[in-house]
Amino acid sequence: MSAVLSPPRARRAGLLARRAARAPRPLGRVLTGAATVFLLSSVLTFGLGAVSDANPAAAVLGETATPADIARLDHQFGLDRPLPVQYGSWLLHALGGDLGVSWFTTVPVADSIAAALPVDLSIAGLALLLAVLLGGAAGVSAALSNGGRLDRAVTAVCTLLGTLPAFVIAIGLITLVAVQFRLLPSGGYVPFSQNPGEWLRFALLPALALSLDAAAGIARQLRTSLVAELRENYATGALMRGLSWRRVLFGHALRNAAGPAVTVLGMSVPVLIGGAVVTERIFNLPGIAQLSLRAAEQHDVPVIQGTLLVTVAVVLAANLAVDALLFALNPAARRRARPAGAATGAKAVHAAGPAADLVPSATAASGGAR
């Protein structure tokens, strides 16, 4: 093989090298960054409670609290110790699953969160599934109809959905589906473990309300990326070799185009959690957002700190899952993580995964034609 690449192969090698440079970071650095963010978030979370003027004696005993009562409760909750000692003790207990007890109910915060969090996780999980199915189908359909009526219709609908807040969509769904056609209940919740069918009936509307904005973002990103991938040389070469459109689309192009859509999916997790505050109130869901609101109204600092810390942990776990998925979808990232370093030049042709395997064959096919 000649050391000097021909201009077409040099362009392909440069394109694939740039694609490798944009690959996700190795998971080791991602884990280190997540741990750093979690530590800083724990400091801010604890600091919010520390600088507030909330006092357990005043909150529990009211105006009748005496100095002796205040001192007794401060010692009981450990508030008479220095702040660094309080933070270290709180963080160590939190990492072990002990988030303290509520000032009002004396119920362990971890137990309250364990009862409320499955509601949000089940709704968010169903919303993410709907977003992937709806957004993926819309994005692929729009890409295959590039410039056609279906493409323009999908773009218009996604633009409209991207401008509507989740609570507006939720009210519209309740009015249309629950009130007008009476197909699904307008509120309430049944645990999945109790009755999966009833859980789905109650969870479908809130999950759909949360999923449409994420589905619109996935569809837009997937459509743009897929159109670009189908114009690449490896796709043309595969078709020249006689491969079917189905195999080129689902075997190669879709995998390479999925990165931006998966990133949008990961960015949707904080949006889903933020929208849960309004959505839980609209659909009367006993989730962690309602637990946080009640704690904020009562100045129940341990519950507020516990729900914030758990929410941060859930968001970071979702981001780690997205990074792991991007890492798995991008073979160039796996090769870059090896000690040998990133592939450059002609080696980048082999570092681009299954799509790159088609490039030499496509070049050979075009050379044979000449």
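Scoring rules and cut-offs
Residues numbered from 1 in each chain as written. Predicted model: local features only at pLDDT ≥ 70, side-chain atom pairs only at ≥ 80, totals over all residues. Heavy atoms only, no water. Helix = DSSP H or I, 4+ residues; strand = E, 2+ residues; numbered from the N terminus. Buried < 20%, exposed > 50% of the residue type's maximum accessible area, 1.4 Å probe, protein only. Contact = heavy atoms within 4.5 Å. Areas by Shrake-Rupley, 256 points an atom, 1.4 Å probe, with all protein chains shown as cover. Axes fitted to C-alpha atoms, helices over the stretch in contact; angles between N-to-C directions. Parallel < 35°, antiparallel > 145°, perpendicular 65-115°, else oblique. Left-handed = near helix turned anticlockwise from the far one by under 90°. Lys, Arg positive; Asp, Glu negative; His and termini not counted. Salt bridge = Lys/Arg side-chain N within 4 Å of Asp/Glu carboxyl O. Polar contact = N/O pair within 3.5 Å; in protein donor to acceptor, adjacent residues only side chain to side chain. Expected span 1.5 Å × (residues − 1). Bend = angle between axes of the 7 residues up to and from the residue. Phe/Tyr/Trp six-rings, centres within 6.5 Å; stacked < 30°, edge-to-face > 60°. Core = buried A, V, L, I, M, F, W, Y, C linked by side-chain atoms within 4.5 Å. pLDDT = per-residue confidence, 0-100.

Asks: Can you walk me through the overall build of the protein in this structure?
Replies: Across its full length, the protein holds 15 helices and zero strands. Taking all 370 residues of the protein together, the buried fraction comes to 41%. Here the analysis covers contacts within the protein between residues at least 6 apart in sequence; of these, 74% occur between residues at least 24 apart. For the protein, the accessible surface area stands at approximately 19400 Å², while carbon and sulfur atoms represent 65% of it.

Asks: What should I look at first to understand the packing of helix H8 (residues 166-180) against helix H9 (residues 196-230) in this one?
Replies: Pairs of packed helices are described in terms of their axes, by the angle between the two and the distance that separates them. The interhelical angle for the contact between H8 and H9, taken along N-to-C directions, is 140°, at an axis separation of 9 Å. The angle between the axes of H8 and H9 places the two elements in the oblique class. The two elements H8 and H9 cross, and the hand of that crossing is right-handed. Along its contact with H8, which presents Ala166, Ile169, Ala170, Leu173, Val177 and Ala178, the element H9 presents Leu205, Leu208, Ala209, Leu210 and Leu212.

Asks: So what exactly am I meant to see when it comes to the side chain of Glu280 here?
Replies: Mapped onto the elements of the fold, Glu280 is located in helix H11 (residues 245-283). As a buried residue without a salt bridge, Glu280 has its nearest oppositely charged side chain in Arg294, at a separation of 7.5 Å. A polar contact is formed between the side chain of Glu280 and the backbone nitrogen of Ala289, at a distance of 3.2 Å. Residues within four places of Glu280 in sequence aside, it is in contact with Asp120, Leu285, Gly287, Ile288, Ala289 and Gln290.

Asks: How should I be thinking about helix H6 (residues 109-144) in this particular structure?
Replies: Given 3.6 residues to a turn, an α-helix orients residues that are three or four positions apart in the same direction. The end-to-end C-alpha distance of H6 is 51 Å, a good match for the 52 Å that 36 residues give at a rise of 1.5 Å each. Remark: the principal bend of H6, roughly 30°, maps to Ala116, with a proline, Pro118, within the next four residues.

Asks: Can you walk me through the packing of aromatic side chains in this structure?
Replies: Any two aromatic rings considered together are summarised by their centre-to-centre distance and by the angle between their planes. Applying the stated criterion across every chain, the model contains four aromatic pairs. An angle of 85° between the planes, with centres 5.2 Å apart, marks the rings of Phe192 and Trp199 as edge-to-face. Of the residues examined, Phe192 reaches a relative accessible area of 47% and is grouped as partly exposed. Here Trp199 falls in the buried class, since its relative accessible area comes to 11%. Members of the aromatic cluster, joined through ring pairs, are Phe46, Tyr87 and Trp90.

Asks: Help me out: how do you make sense of unusual backbone geometry in this one?
Replies: Peptide bonds are, in most cases, trans, and in most cases residues other than glycine have a negative phi. The residue Thr106 is not glycine, and still its phi comes out positive at about 55°. With respect to the element layout, Thr106 can be found in the loop between helix H5 (83-95) and H6.

Asks: Help me understand the pattern of salt bridges in this model?
Replies: When their charged atoms lie close together, side chains carrying opposite charge are able to pair. The full count for this structure, using the stated rule, is two salt bridges. Arg223 serves as the salt-bridge partner of Asp151, at 2.8 Å between the closest nitrogen and oxygen. Placement of Asp151 in helix H7 (residues 149-163) and of Arg223 in helix H9 is noted, with a sequence separation of 72 residues between them. Note on Asp151: relative accessible area 4%, which makes it buried. Residue Arg201 pairs with Glu198 through a salt bridge whose shortest N-O separation is 3.2 Å.

Asks: How do you make sense of the side chain of Ser102 when you look at a structure like this?
Replies: For Ser102, the location among the structural elements is in the loop between H5 and H6. Among the polar contacts listed, one links the side chain of Ser102 to the backbone nitrogen of Thr105, at a separation of 3.3 Å. Contact partners of Ser102, with chain neighbours within four places excluded, come to Val107, Val109, Asp300 and Val303.

Asks: Help me understand the nonpolar core, please; the structure alone is not making it clear to me.
Replies: Most often, soluble globular proteins keep nonpolar side chains buried together rather than apart. In terms of nonpolar packing, the biggest core is built from 29 residues, with Ile123, Leu205 and Phe283 touching the most fellow members. Elements represented by at least two residues in this core include exactly H6, H7, H8, H9 and H11. In terms of residue count, the dominant contributor to this core is H9 (nine residues). The residues contacting Ile123, other than those within four sequence positions of it, are Tyr189, Ala203, Pro206, Ala207, Leu210 and Leu285.

Asks: So what exactly am I meant to see when it comes to the confidence of the model for the protein here?
Replies: Keep in mind that low pLDDT regions are not for reading the predicted coordinates in detail. Model confidence for the protein is summarised by a mean pLDDT of 79, while 79% of its residues fall at 70 or above. Looking across the protein, the model is least confident in helix H15 (residues 358-369), with a mean pLDDT of 37, and most confident in H9, with 93. Note that pLDDT drops below 50 for residues 1-5; the model gives that stretch five contacts with residues more than four away or on any other chain. A low-confidence stretch, residues 19-24 (pLDDT under 50), is modelled with 14 contacts involving residues beyond four sequence positions or located in other chains.

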